[in-house]
Amino acid sequence: MRTLLRTTASLLRQYPILWFPLVIADIVNFSLDWTERRLHHNLVVHLVSWLSQNHSVLSSTPVYADPPHFTTTVIVILTAPITWATYFLSTVLYTSAMLVTAALLANLAENGHPLLHLAASTLRSSRRRILVFSVKLCALFAVSLLLAAPLLAGAIWFQRFLETTPSLPLKFQLQLQKADLLGYVTELPIMMAIACIVAPMALKLLQPPGSTPTQQAIKTARIVALIVVAVTSTLEIFLPRIA
């Protein structure tokens, strides 16, 4: 593992072009997220306004009241296609960047130089594999959300119960509100399980069609995936607090 990390750091330092696919993917994904947020916001505003309208028999001007209780459910259902379409496009985008980076490394090993135009040509021959992998990943994430929903709901209820318990010290209640540790503890095992399932799929995607990764390669891929999930999940908790 140390050799892998050192080799990766050395290659990224010597050949900055290896960063290029990820940088492009981040830029495009930022634009997708911004567009999704704007569409989501505008749709929510129009839905709330439409659901809150009441028409009077004495005037043609609409009268606005409090939104009905089912407004949140309607908003979630109608905005879900936008959210999941954005997530799917992001998955396709980063999967493509992963394949281009792998092709750059293959060119580096064969020719001594990473050639971007040759690496990008691999996307044309791997379009179907990229789409299949992205669909599987999105489906796996959706299933995990359905299975984890009761557990997450229980964790939220338990955290609120602790926060509103008078017998707990005020300092401890404030720490619970800031740290959100229950959500972290609940989410982390789910994300690690997904990482263990996805790692062999991603490893097979990086190899030529028809080839099968070795057990040692699968084991290494899962270890790396678990480390990445643990680090990113921890950063998601603590970076906003530090900021």
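Scoring rules and cut-offs
- Residues numbered from 1 in each chain as written.
- Predicted model: local features only at pLDDT ≥ 70, side-chain atom pairs only at ≥ 80, totals over all residues.
- Heavy atoms only, no water.
- Helix = DSSP H or I, 4+ residues; strand = E, 2+ residues; numbered from the N terminus.
- Buried < 20%, exposed > 50% of the residue type's maximum accessible area, 1.4 Å probe, protein only.
- Contact = heavy atoms within 4.5 Å.
- Areas by Shrake-Rupley, 256 points an atom, 1.4 Å probe, with all protein chains shown as cover.
- Core = buried A, V, L, I, M, F, W, Y, C linked by side-chain atoms within 4.5 Å.
- pLDDT = per-residue confidence, 0-100.
- Phe/Tyr/Trp six-rings, centres within 6.5 Å; stacked < 30°, edge-to-face > 60°.
- Polar contact = N/O pair within 3.5 Å; in protein donor to acceptor, adjacent residues only side chain to side chain.

1. Notes on the overall build of the chain
So, step 1. Helices and strands together make up the secondary structure of the chain, namely nine helices and two strands.
So, step 2. When its helices and strands are written in sequence order, the chain yields α-α-β-β-α-α-α-α-α-α-α.
So, step 3. Buried residues in the chain amount to 26% of all 243 residues.
So, step 4. Excluding contacts between residues fewer than 6 apart, the proportion of contacts in the chain whose partners are at least 24 apart in sequence is 67%.
So, step 5. As displayed, the chain offers around 16400 Å² of accessible surface, 70% of which is attributable to carbon and sulfur atoms.

2. What about the side chain of Ser134?
So, step 1. For Ser134, the position within the fold is in helix α6 (residues 127-163).
So, step 2. The class for Ser134 is buried, based on a relative accessible area of 0%.
So, step 3. Excluding residues that lie within four positions of it along the chain, Ser134 makes contacts with Phe88, Thr91, Val92 and Thr95.

3. Examining the nonpolar core
So, step 1. Core analysis: the largest hydrophobic core is formed by 12 residues, namely Val92, Leu99, Ile130, Phe133, Leu137, Leu140, Ala148, Ile190, Ile194, Val198, Ala202 and Leu205.
So, step 2. Those elements that provide at least two residues to this core are α3 (71-111), α6 and α8 (181-206).
So, step 3. Setting aside chain neighbours within four positions, we find Ile194 in contact with Leu140, Phe141 and Ser144.
So, step 4. Counting residues in each nonpolar core, the second largest holds eight residues, with Leu188, Ala195, Ile218 and Ala225 among its members.

4. Side note on the confidence of the model for the chain
So, step 1. On average, the chain scores 78 in pLDDT, and the residues at 70 or more come to 75%.
So, step 2. Looking across the chain, the model is least confident in helix α7 (residues 170-179), with a mean pLDDT of 50, and most confident in helix α2 (residues 20-51), with 86.

5. Details of the packing of aromatic side chains
So, step 1. By the definition in use, this model includes three aromatic pairs.
So, step 2. Grouped by ring-pair contacts, the aromatic residues Trp84, Tyr87 and Phe141 constitute a single cluster.

6. Brief notes about the environment of Thr86
So, step 1. Looking at where Thr86 falls in the secondary structure, it is placed in helix α3.
So, step 2. Considering only alpha carbons, one finds Thr86 and Asp33, 53 residues apart in sequence, at a separation of 7.2 Å.

7. Topic: the environment of Leu118
So, step 1. Tracing the backbone through its elements, the reader meets Leu118 in helix α4 (residues 116-120).
So, step 2. Residues Leu118 and Leu104 lie 14 residues apart in sequence; the distance between their C-alpha atoms is 8.0 Å.

8. Structural notes on the side chain of Ser126
So, step 1. With respect to the secondary-structure elements, Ser126 resides in the loop between α5 (122-125) and α6.
So, step 2. A residue is classified by how much of its surface remains accessible, and Ser126, at 9% relative accessible area, is buried.
So, step 3. Among the polar contacts made by the side chain of Ser126, one reaches the main-chain carbonyl oxygen of Thr122 at a distance of 3.0 Å.

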